[in-house]
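Breakdown of the fold
Listed here are the chains, written in short residue letters.
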There are 6 protein chains.
Amino acid sequence: MLLHQSTWIEISQFLDRSRTVVIPIGSNEQHGPTGLLGTDWMCPEIIAHHAQKDADILVGPTFNIGMAQHHLGFPGTISLRPSTFIAAIGDWTRSLAAHGFEKILFLNGHGGNIATIEAAFSELYAEASFARRPAGFALKLCNWWDLEGVGELARAQFPTGHGTHATPSEIAITQWAYPDLIKTADYSPQIASSGPIREAQDFRARHPDGRMGSDPALATPEKGAELVVLAAKGLVSAVEAFSREAMPN
Amino acid sequence: MLLHQSTWIEISQFLDRSRTVVIPIGSNEQHGPTGLLGTDWMCPEIIAHHAQKDADILVGPTFNIGMAQHHLGFPGTISLRPSTFIAAIGDWTRSLAAHGFEKILFLNGHGGNIATIEAAFSELYAEASFARRPAGFALKLCNWWDLEGVGELARAQFPTGHGTHATPSEIAITQWAYPDLIKTADYSPQIASSGPIREAQDFRARHPDGRMGSDPALATPEKGAELVVLAAKGLVSAVEAFSREAMPN
Amino acid sequence: MLLHQSTWIEISQFLDRSRTVVIPIGSNEQHGPTGLLGTDWMCPEIIAHHAQKDADILVGPTFNIGMAQHHLGFPGTISLRPSTFIAAIGDWTRSLAAHGFEKILFLNGHGGNIATIEAAFSELYAEASFARRPAGFALKLCNWWDLEGVGELARAQFPTGHGTHATPSEIAITQWAYPDLIKTADYSPQIASSGPIREAQDFRARHPDGRMGSDPALATPEKGAELVVLAAKGLVSAVEAFSREAMPN
Amino acid sequence: MLLHQSTWIEISQFLDRSRTVVIPIGSNEQHGPTGLLGTDWMCPEIIAHHAQKDADILVGPTFNIGMAQHHLGFPGTISLRPSTFIAAIGDWTRSLAAHGFEKILFLNGHGGNIATIEAAFSELYAEASFARRPAGFALKLCNWWDLEGVGELARAQFPTGHGTHATPSEIAITQWAYPDLIKTADYSPQIASSGPIREAQDFRARHPDGRMGSDPALATPEKGAELVVLAAKGLVSAVEAFSREAMPN
Amino acid sequence: MLLHQSTWIEISQFLDRSRTVVIPIGSNEQHGPTGLLGTDWMCPEIIAHHAQKDADILVGPTFNIGMAQHHLGFPGTISLRPSTFIAAIGDWTRSLAAHGFEKILFLNGHGGNIATIEAAFSELYAEASFARRPAGFALKLCNWWDLEGVGELARAQFPTGHGTHATPSEIAITQWAYPDLIKTADYSPQIASSGPIREAQDFRARHPDGRMGSDPALATPEKGAELVVLAAKGLVSAVEAFSREAMPN
Amino acid sequence: MLLHQSTWIEISQFLDRSRTVVIPIGSNEQHGPTGLLGTDWMCPEIIAHHAQKDADILVGPTFNIGMAQHHLGFPGTISLRPSTFIAAIGDWTRSLAAHGFEKILFLNGHGGNIATIEAAFSELYAEASFARRPAGFALKLCNWWDLEGVGELARAQFPTGHGTHATPSEIAITQWAYPDLIKTADYSPQIASSGPIREAQDFRARHPDGRMGSDPALATPEKGAELVVLAAKGLVSAVEAFSREAMPN
């Protein structure tokens, strides 16, 4: 069930049977010469939308801009600074909690988001902690590549050249979902280099075509299909486990 | 051309021929008993995506959460507070401007966004004004219903019962784009009442089913098609006119 | 009754008979070669102070600096950025609400303030909306030129050359109130040009003497007197209507 | 010369002969049973307006709301929180500095403002200090009672019962300027008690009628006249001395 | 008793017998050619740690970075801007108040901190004042040089050359506590000049070696010992007096 | 070399031979029935102070309050909210960078700090990234337990009962440094339970004595000595490697 394709009355009814909602969250940033700028928000959206087809889970609109300051040297990247990101995650969460959602699972598609999302969770919990009261909600961050079995599958699919940015696994997922958008290039080197992440100008100097440690040529729509199916199954399990957790008194 | 379905290299090439980008912006909020929660961000997205099929304009990812505090009394509404919204529009704009975009047109789908978007523009311009330098970019807010001819068409289509929230025109657009999601209800009264907009609890007391002055039963996918076609044409014209404007020295 | 010319005991007594207060709000910004820098805060102050002479309404101190970033290219302009303006309107409102004022009417004298004042209202209401409680106060923005009959009078007085900045109507009001400060100039062109509003440097390039679409030479103190009398009457009516509105439960 | 009663062209001409501007700054807060709520912003305004009649100094609009959180227990008090106050002083200063003002003298009328105004100055200077560049402006805080000779005069006028809030000296000044607004009451005790300043509820419990250590019955318009004349003279001297200070390279 | 050298259970037990805590607060900033960068946070730490050896008072961790923007022209200075400092003091206070501490005494070692600490107190109290409720805590700022008898002692020890920055009294205290760190230099002039405090670059131009009005050569560890002993005694008295104050209802 | 025990002239001289500085950073929070509240800031301080005795590295003052909102249910815990923490890390970094430090290594002692410190780094880098310029500094986060060989040693020392909060390794370090402060208790259960981290009230319900998965009884000063020696050596290596890294052009 997609929240934005529902009416408020349908959401009201959903709340009678579940207090859990999934928010796909990612980033819009360069993904090398062939990866789509939207890769990091499309992947969790693809997985979550696929998952809700066969399971009674609720998926909200996609939070499509994240923390990508280091990619701003490449055209098309859009980034929030962490303070803005924290404020926005805060308002999304307060909105959902105001309706009675008690378990909010952010399905994340961008490694660069993790620190700030966790900081945002702490910022939200701190309101309750300073006031010595329960928060009224629990927050969970799940990276799609950490869903049950998904990391193992990706490592089996791409024993070398997976890397950490513009990876063949994420590109494979977008290839499966958007086969008309498959793009190719001659990569040089075939597997990109790695390095520390600092400001955008430094990043572009270290990674001239935007990739980090990856060989996107390894991606295929078929591998993407395998990843989506497994991740969707993992997401449903994660939602169920999270929903079963007791809330504090 | 959709920015998020492009690579950074393609955006780099686009920048060689144009410095203008369109950002669909809306809100995720209750739209009465039959309107989709995503109506206000789907409408500008539908129009902008339609427009870019036949014209060389660039459409960015959709800014899907806006200022909808007054709708928070209805489940499924997600709102940013104005201060958060201003910060986020700021970071989107600074990101795009960093790539060389000089004209950023926000195609808006939610009346409640207008004041805060304009305040966000002023916040951005003020950085330049206090520093006595050019901003380097120009910002434009276009509500889809204000695109050339669209308001006239909507008034002709819906001479009564259009109202101001959960209007038949916006619902018609989503019906055309998502015919599987058409929902019906018995409206009582057939045309909803109007009133001032204050906090959420006050709003829900005044507007028990969420509508303001509208009769959504008047919506049809055919009327939606007419609106989308005209609005898409108007958008392309607006982009062209905006692109032609000279930037200050 | 002027709040700042009263004691706290007198305000306490006023609260026993009314819960409404008027705040004149404007801007301190260039008004062309002959308009006073304070025009936009003086006009609502003049009108509100006049209105309270014959009616039992309470008028607070004037909020004299608003959102005027686009005028910063002209000496003497003082502007808040929107985020500061929102914070300040918030604290004014929270202060007044803490005393039991339930209806706060901002009588505005500057078009450039409108978006940010409305955003400020939403920011204040959002506190209540996120918390699912009543706000405890209602906020109203009235531009003096929108008070009953005032716009019609101004159009009758100035059928051409009214424009949108440094208008003869606002200058006429200050001429009536401060006849010693009437200033003259040769305007070239007689009616100034119009255009979009962006950062200060762009504004000054488009509007070299500061006017937008106006011919201030049309102003006379007599026309100002007519405007003030009518606006003051309209303000009293607006206060009475606002005061009669029921607060939500 | 009053900035808000001038045109931008006149300010431009003033800048050719001086780079100094005076901003009266105060607070709108309870002043005991007989003091006006506006006392603390009226006093510096009265003094500064008087001073500019006979000297070529420029006086800006009055910053009329300051830090008065401890007085919020008394109706009519309006307070900014320090963070808002700092932001607003910042924008006033940045606006004036953008026009070329290099010396900005805040003539203060409220003891409770001092700490936050000084913090605001540090916030502004810090922008330059972190960036290792000159600020381009110098800021000075002058309390009117610290102007040359004024404290001595007040102590001579009111050897007992001066106190620290709702003092006879500040009330005398408003009595001189607004003789129609002189109010009387039976004070009990004649001289109010003193104590620490904390939150508003604590303040009102300690100071039931709002005064701190003062006997306002000692005020007379004649004493007010003496204070204004001396303070105005002191202000002109302070402006001249400040104007003569060299700016750093 | 040192909070950070205790367990939470010991603090819980302390709260059964007292609701007062002391926070040493200072700054890390240049102190002339021979003063330690940590002087301003070491002094209150030295005094408070000494005081708690013989008295049942609780001393928290040292808040070691304050408002020192004007010293940023000298290597090693670390400064918070006032807005950051206010936020941090706020979170420290809210944490301690959440545990039931009702009296929080900040023992300050840096004159440049005073304004911002007081602004921070007002920011905290304002939360309660706007909400018309008690704060639940009282805050006190004590500069170590203002503790009973300390100023008199310092004036007796250093009748000339005390000055206001890199003073012989503060340097003497660090000499007593850290005799291995005593440093010497030829001062020129022997007593440094004074002047206004503005941005860092201006400060360094006025005070080339960092001192303000002081002759640090006058410091000796013996004088430091006298100051510490007296200040520690004064601190214990101040804590006792503060603890005895009744909290508002 | 300790920054706060140096003069500005000594730091100026240090900058001639190195551009790297180490900042110990931690948290002041409950550490179970026997761990010191200061454990998490004392450990990196102990290690860094030990390291600088035999190596020419510069160690700044300790940043002693971090992100510990989940521990606020236990007396003595002091926490910044993430937004405050980010602002403060920002000002520390900007101060150090203003002096020419190009490599700032935060030696961290608290797992709960990691996300917010990384978010703070991104916030700082983003200033440069949005402005399309180099940052001028590189930031590195090192947890002391991740220094070379330290994790392995801790696992060898404590094959069971290490856990994640109030661990025997961190307690051992404080026991070595502060042998007079060794405290004991009967733990029940001997090894504490684990669980998710949410708001403070939830945390205390899950972890009644504050420990997470640990048996602090395993700590000894001797094991602490081993850890400190190895970590200090690892820190010096990390500083050297970081210092050798080229800065971007």
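Note that this is a predicted model, so its numbers are computed, not measured.

1. Things to note about the pairing of strand β1 (residues 20-25) of chain B
All names here are of chain B. When you tally the buried positions in β1, you get six out of six residues, the bulk of the element. With six bridges connecting them, β1 and strand β2 (residues 103-108) associate as parallel partners. Paired with Ile 23 across the strands is Phe 106, a residue of β2.

2. Points about the interface of chain A and chain B
With 50 residues of chain A in contact, the opposing surface of chain B contributes 50 residues. The contact between chain A and chain B buries some 4,000 Å² in all, and 63% of this surface belongs to carbon and sulfur atoms. Its largest share of buried area at the contact with chain B, chain A owes to Gln5(A), Trp8(A) and Pro75(A), together 18% of the area lost on that side. The interface formed by chain A and chain B includes 22 residue pairs in polar contact (both at pLDDT 80 or more). Those elements that place two or more of their residues in the side of chain A that touches chain B are α1 (8-17), α2 (39-51) and α3 (82-98) of chain A. Here the element with the most residues in the side of chain A that touches chain B is α3(A); it accounts for eight residues. When grouped by side-chain class, the residues that make up the side of chain A that touches chain B number 24 nonpolar, 19 polar and seven charged.

3. Here we look at the sheet that holds strand β2 (residues 103-108) of chain D
Residue and element names in this part refer to chain D. Here we have three strands laid out as an open sheet, ordered β1-β2-β3, and parallel in their pairing. Since the sheet does not close on itself, it has two edges, and those belong to β1 (20-25) and β3 (138-143), each with one partner. Averaged over all neighbouring strand pairs, the angle between strand axes comes to 20°, with direction disregarded. Packed onto the sheet, helix α4 (residues 114-130) meets β1, β2 and β3 and runs at close to 175° relative to β3.

4. Here we look at the arrangement of the chains
Between chain B and chain E there is no contact, and the shortest C-alpha to C-alpha separation is 17 Å. For chain C and chain F, which are not in contact, the least C-alpha distance works out to 17 Å.

5. Quick notes on the packing of helix α5 (residues 150-157) of chain A against helix α8 (residues 221-244) of chain A
Residues and elements named next belong to chain A. Contact geometry of α5 with α8 gives a least axis separation of 10 Å together with a crossing angle of 165°. As summarised for this structure, α5 and α8 are arranged roughly antiparallel, according to the angle between their axes. Between α5 and α8 the crossing geometry is right-handed. For the pair α5 and α8, the contacting residues are Val 150, Leu 153, Ala 154 and Gln 157 in the first and Lys 223, Glu 226, Leu 227, Leu 230 and Ala 231 in the second.

6. So, the relation of the copies chain A and chain B
In this arrangement, two copies of a chain are superimposed by a rotation about an axis accompanied by a shift along the axis. When chain A is fitted onto chain B, the two copies agree to an RMSD of 0.0 Å after a turn of 180° and an axial shift of 0.0 Å. When the rotation and shift are considered jointly, the pair of chain copies conforms to a two-fold rotation axis. It is Thr84(A) whose C-alpha, among those of chain A, lies nearest the rotation axis, at 3.4 Å. By residue overlap, the copies meet face to face through one surface: 100% of the interface positions of chain A are interface positions in chain B.

7. Side note on the environment of Ala88(B)
Within the secondary structure, Ala88(B) sits in helix α3 (residues 82-98). A sequence separation of 25 residues divides Ala88(B) from Phe63(B), and the C-alpha atoms of the two residues are 9.5 Å apart. Residues in contact with Ala88(B), not counting those within four places in the same chain, are Leu80(A), Thr84(A) and Phe63(B).

8. So, the pattern of salt bridges
By the definition in use, this model includes 48 salt bridges over all chains. Arg94(A) is the salt-bridge partner of Glu127(A), the closest N and O atoms lying 2.6 Å from each other. Here Glu127(A) is found in helix α4 (residues 114-130), whereas its partner Arg94(A) is found in helix α3, with 33 residues between them in sequence. Using a relative accessible area of 31% as the deciding quantity, one classes Glu127(A) as partly exposed. In this structure, Arg198(C) and Glu245(B) form a salt bridge, with 2.8 Å as the shortest nitrogen-oxygen distance. In this pair, Arg198(C) sits in the loop between α6 (168-177) and α7 (200-206) while Glu245(B) sits in the segment after α8 (221-244), so the two residues belong to two different chains. Salt bridges here are not isolated pairs; linked through shared partners, they connect Arg81(A), Asp91(B), Arg94(B) and Glu127(B).

9. What to know about helix α2 (residues 39-54) of chain F
Residue and element names in this part refer to chain F. In this model, α2 (16 residues) spans 24 Å end to end at C-alpha, consistent with the 22 Å of a helix rising 1.5 Å per residue. Most of α2 sits out of view: twelve of its 16 residues are buried. Those residues of α2 that sit buried are Thr 39, Asp 40, Trp 41, Met 42, Cys 43, Pro 44, Glu 45, Ile 46, Ile 47, Ala 48, Ala 51 and Gln 52. Buried residues along α2 sit in contact with β1 (20-25), β2 (103-108), α6 (168-177) and α8 (221-244).

10. Describing the pairing of β2(D)
Residues and elements named next belong to chain D. Most of β2 is tucked away: six of the six residues are buried. The two faces of β2 match: Lys 103, Leu 105 and Leu 107 on one face and Ile 104, Phe 106 and Asn 108 on the other face are all buried. Across six bridges, β2 lies against β3 in parallel orientation. Looking across to β3, one finds that Asn 108 is bridged to Asn 143. Regarding the hand of the β-α-β motif, the stretch spanning β2, α4 and β3 is right-handed.

Rules behind the numbers
Residues numbered from 1 in each chain as written. Chains lettered and ligands numbered in written order. Predicted model: local features only at pLDDT ≥ 70, side-chain atom pairs only at ≥ 80, totals over all residues. Heavy atoms only, no water. Buried < 20%, exposed > 50% of the residue type's maximum accessible area, 1.4 Å probe, protein only. Helix = DSSP H or I, 4+ residues; strand = E, 2+ residues; numbered from the N terminus. Pairing = 2+ DSSP bridges. Contact = heavy atoms within 4.5 Å. Buried area = accessible area lost by both parts, 1.4 Å probe. Polar contact = N/O pair within 3.5 Å; in protein donor to acceptor, adjacent residues only side chain to side chain. Nonpolar A, V, L, I, M, F, W, Y, C, P; charged D, E, K, R; others polar. Axes fitted to C-alpha atoms, helices over the stretch in contact; angles between N-to-C directions. Parallel < 35°, antiparallel > 145°, perpendicular 65-115°, else oblique. Left-handed = near helix turned anticlockwise from the far one by under 90°. Least-squares fit on C-alpha atoms with pLDDT ≥ 70 in both. Salt bridge = Lys/Arg side-chain N within 4 Å of Asp/Glu carboxyl O. Expected span 1.5 Å × (residues − 1). Right-handed = clockwise from strand over helix to strand, strands pointing away.

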